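Read off the chains here:
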Amino acid sequence: METMTTNDAPSPTSGSPRILYRQARARDGADQAEVFHHAVMQGAAAHYSVAEREAWAATMPREGSVWAARQALYTTLMATCDGRCVGFLELDVPKGHVQTLYVWPSLARRGIGSTLLVHAERMLLEHGHGRATVDASRMLAESLLRRGWQDLGTEWVTRGDVRLERRRLEKRLAAIET
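Starting afresh in each chain, residues are numbered from 1 along the sequence in its written order. Residues qualify for local features only when their pLDDT is at least 70, as the model is predicted, and side-chain atom pairs are given and counted only at 80 or more; totals for whole chains, interfaces and linings, by contrast, use all residues. Side-chain measures were taken over the full set of non-hydrogen atoms in the model, leaving aside hydrogen atoms and water.

Here we look at the packing of helix H1 (residues 29–43) against helix H2 (residues 50–57)
Stage number 1. Axis separation between H1 and H2 bottoms out at 9 Å; the angle between their running directions is 165°. On the basis of their axis angle, the class for H1 and H2 is roughly antiparallel. Relative to H2, the crossing made by H1 is right-handed. Contacts between H1 and H2 involve Phe36, His37, Val40 and Met41 on the former and, on the latter, Arg53, Glu54, Trp56 and Ala57. Orientation is described by axes fitted as lines to C-alpha atoms, over the contacting stretch for helices, and by angles from 0 to 180 degrees between their N-to-C directions. Working definition: helices are DSSP H or I runs of at least four residues, strands are E runs of at least two. Numbering for both runs from the N terminus. Between 65 and 115 degrees an angle is taken as roughly perpendicular, under 35 as roughly parallel, over 145 as roughly antiparallel, and anywhere else as oblique. Helix crossings fall into two classes, left-handed where the near helix is turned counterclockwise from the far one by less than a right angle and right-handed where it is turned clockwise. Whether two residues touch is decided by their heavy atoms; if any such pair falls within 4.5 Å, the residues are in contact.

So, in structure tokens, the structure goes:
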């Protein structure tokens, strides 16, 4: 994903931020850690209790090197604003699976996650996949179901001694003419 694309390009009147999309770099790890932490602790507050969010956030350290190391496991697509990560998606290309999708809470619902998904879907199509899957949080599942993803059922995962609900979703992929 060498080509940068923009979303919400600023207009003289709106002052909307300019978002660039690209593949993650090792130096983005610290920003990814912060986006993950804030997306879980603040962004998911309406959908999960404090105990659930704390257990979820504890699954990944708030350390950039850990997130940079994950870039070797997953294709990581990044949304940036002024050079800083404001959202990211980890994609397991061989399995056709969206591993994670997080957006900075104050920028949620502005199309950043949707645009990351469009890039991921295109990448999966280019690798011969006809479908994509994701294990989605309650919050993400609501959004994806409205966008045509199919619900394959509820799963429960245990983090520490806290059970968290997530939904297994699938989307049939089709090439979009641009």
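So, the nonpolar core
Stage number 1. Here, nonpolar core means buried Ala, Val, Leu, Ile, Met, Phe, Trp, Tyr and Cys residues that are tied together by side-chain atoms lying within 4.5 Å of each other. Here's how the labels work: a residue is buried when its accessible area is under 20% of the maximum for its type, exposed when over 50%, partly exposed in between, all with a 1.4 Å probe on protein chains only. One finds Leu89, Leu91, Ile112, Leu116 and Val134 to be the most contacted residues of the largest nonpolar core, which totals 28 residues.
Stage number 2. Those elements that provide at least two residues to this core are strand S2 (19–23), strand S3 (75–81), strand S4 (84–92), strand S5 (97–103), helix H4 (112–126), strand S6 (131–136) and helix H5 (138–146).
Stage number 3. The dominant element in this core, judged by the number of residues it contributes, is H4, at six residues.
Stage number 4. Counting residues in hydrophobic clusters, the runner-up holds 18 residues, among them Phe36, Ala39, Val40 and Tyr102.

Considerations on the side chain of Thr75
Stage number 1. By the element assignment, Thr75 lies in strand S3.
Stage number 2. Not counting the four nearest positions on each side in its chain, Thr75 is found in contact with Gln23, Leu89, Glu90, Leu91, Val93 and Met123.

A word on the pairing of strand S7 (residues 150–159)
Stage number 1. Strands qualify as paired when DSSP identifies two bridges or more between them. As defined by bridge partners, S7 adjoins strand S8 (residues 162–172) across nine bridges and the pair is classed as antiparallel. Looking at S8, one finds that Gly153 is bridged to Arg168.
Stage number 2. Taking the residues between adjacent antiparallel strands as the criterion, S7 and S8 are bridged by two residues, where Gly160 takes a positive phi near 70°.

Examining the pattern of salt bridges
Stage number 1. By convention in these notes, a salt bridge is any Lys or Arg side-chain nitrogen within 4 Å of a carboxyl oxygen on Asp or Glu. Applying the stated criterion across every chain yields a total of 14 salt bridges.
Stage number 2. Note that Asp28 is salt-bridged to Arg22, the shortest N-O span being 2.8 Å. Accessibility assignment for this pair places Asp28 and Arg22 in one class, buried.
Stage number 3. Of the charged contacts in the structure, one is a salt bridge between Glu155 and Arg166, with a shortest N-O distance of 3.2 Å. Taken as a pair, Glu155 in strand S7 and Arg166 in strand S8 lie far apart in primary sequence, 11 residues in all.
Stage number 4. Judged by relative accessible area, which is 28%, Glu155 ranks as partly exposed.
Stage number 5. Through salt bridges with shared partners, one network takes in Asp135, Glu155, Arg166 and Arg168.

Function cannot be inferred from these measures alone, as they are strictly geometric.
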